[in-house]
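Structural features, examined
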Amino acid sequence: MPTTQSFSPAQARRLALSAQGFSAVASDQSASTAQLARMLRRLGVVQIDSVNALVRSHYLPLFSRLGHYAPELLDQLAWGRGRQRKLFEYWGHEASLLPLELYPLLQWRMRRARQGQGIYRQLADFGREQQATIARVLAAVTEQGALGAGSLSTREERAGPWWDWSAEKHALEWLFAAGEVTVAGRRGFERLYDLPERVLPASVLAQPVPDEAEAQRGLLVQAATALGVATEKDLRDYFRLAPADSRARVAELVEDGRLQRCEVRGWAQPAYCLDTPRVPRKAIASALLSPFDSLVWERERTERLFDFRYRLEIYTPAHKRVYGYYVLPFLHHERIAARVDLRAERAQQRLAVHALHEEETGLDEAGIDALAASLWRLAGWLGLETVQVNCLRAGTPRLREALARVAISGEPA
């Protein structure tokens, strides 16, 4: 029986950072479409979120790893026509952009959705009770082409809360979950739905569809590739598999040698990796991370890897927030060293730093300079002219000095 590989916590961090694409300092050159596509294939899934306090979340992971790029290139990959399109939208890790290569591996989830399984209860109930509405909406999409929910709504009053959707919106979301329609593009942030055969390449739709177990194994292998080293729960969470499905599939992958058991010292649960991973000697990247970045979205894993407790406070009442509304972790080399509450104030052409919270070990001079450089790069990428620090916390005078130093040196250009 082969010896179980053992990794130290530091080695596990470096494996995770390398697998997630943080293996080098981002280039000052604007990243190409090919570079974006390669990174997206490596990650396997990028979460979409509607909050636009800084920039829509799905744009940030590529910037964090590759540096400056034209957001229009991601738009082309996600919603372009013909050969430009390399991604599709579906429920991966929440609402997500995924490489087209994974489309056959999500067919089982679409099939389950058609059966009322694995989707929000409201949608499952709607699917059972409103088949006539669903058929009417599907006919409209078939006849008219790409449509948004607003174009179909027969309701006179405006929509209210998240689940106060029109019947047509419910129908479109059910059809989307079931794979009967897909996202052809977006108008602002509104999805425009069309038939898959009018949106996705014929070569993708013609691929053999694996059975449910093989598809789930494929998703878990993709998760293992993107995570480096992970517990079963970490692997499961990446594409939001059900616990029973994930446990069975992981056991099968170990049995046939596609996954290797390993251990990380200090982790209570067994870990898994692909083959015999090469552990980098060090990790040198510095980056501001989206709250929905795949490096940190599984909060228990983030605590195990970085000793960093992170919670989203967007939906917390302002007076109860500890760190701020839109708080980005700051990765510096192998630590998450600080968290920064940021806002793009576009009318004033500035990136506003509303709060800086350093972790217990703090930022040394190199770390504060790296944060300043990251803020200037982010501002430049967003087309903002200045970085303004509004925070009065003890560490912010150092940040202001570092911002001035980096600006004078011209480093962020």
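Residues numbered from 1 in each chain as written. Predicted model: local features only at pLDDT ≥ 70, side-chain atom pairs only at ≥ 80, totals over all residues. Heavy atoms only, no water.

In the annotation of an unreviewed UniProt entry, the entry for the protein chain reads Crosslink repair DNA glycosylase YcaQ family protein, and the organism field reads Pseudomonas ulcerans.

Description of the sheet that holds strand β8 (residues 260-264)
Judged by pairing direction, the sheet is mixed, and its 4 strands sit side by side in the order β1-β8-β9-β7 without closing on themselves. Strands with a single pairing partner mark the edges of an open sheet, and in this sheet they are β1 (5-7) and β7 (230-231). Pairing of β1 with β8 involves 3 bridges; the strand directions are parallel. Its bridge partner being in β8, Gln-5 is matched across the sheet by Cys-262. (Pairing = 2+ DSSP bridges. Helix = DSSP H or I, 4+ residues; strand = E, 2+ residues; numbered from the N terminus.)

Quick notes on the nonpolar core
Ranked by size, the top nonpolar core spans 114 residues in total, and within it Leu-235, Leu-342, Leu-375 and Leu-399 carry the most contacts. Here this core takes 9 residues from helix α15 (residues 365-381), the largest share from any one element. Sequence-distant contacts of Leu-342, defined by excluding residues within four places in its chain, comprise Leu-54, Leu-288, Tyr-326, Leu-328, Leu-351, Ala-352, Val-353, Leu-375 and Leu-378. With 25 residues, the next largest nonpolar core counts Leu-15, Ala-271, Ala-287 and Leu-331 among its residues. (Core = buried A, V, L, I, M, F, W, Y, C linked by side-chain atoms within 4.5 Å. Buried < 20%, exposed > 50% of the residue type's maximum accessible area, 1.4 Å probe, protein only. Contact = heavy atoms within 4.5 Å.)

Regarding the pairing of β8
Two strands pair when backbone bridges link them, and β8 and strand β9 (residues 271-273) are joined in this way by 3 bridges, in the antiparallel orientation. Looking at the pairing, Arg-261 lines up with Tyr-272 of β9. As consecutive antiparallel partners, β8 and β9 are separated by 6 residues, and within that stretch Gly-266 has a phi angle of approximately 100°, a positive value.

Considerations on the packing of aromatic side chains
Following the criterion strictly, the structure yields 9 aromatic pairs and no others. Each ring, one from Phe-88 and one from Tyr-103, has its centre 5.1 Å from the other, and the planes form 80°; the classification is edge-to-face. Here the residue Phe-88 occupies a position in strand β3 (residues 87-92), and Tyr-103 occupies one in the loop between β4 (94-99) and α5 (107-114), the gap between them amounting to 15 residues. Phe-88 gets classed as buried once you look at its relative accessible area, which sits at 1%. (Phe/Tyr/Trp six-rings, centres within 6.5 Å; stacked < 30°, edge-to-face > 60°.)

Brief notes about unusual backbone geometry
Unusually for a residue other than glycine, Glu-94 sits at a positive phi of about 60°. Within the fold, Glu-94 resides in strand β4. At Asp-275, a residue that is not glycine, the phi angle is positive and equals roughly 50°. Asp-275 gets classed as exposed once you look at its relative accessible area, which sits at 52%.

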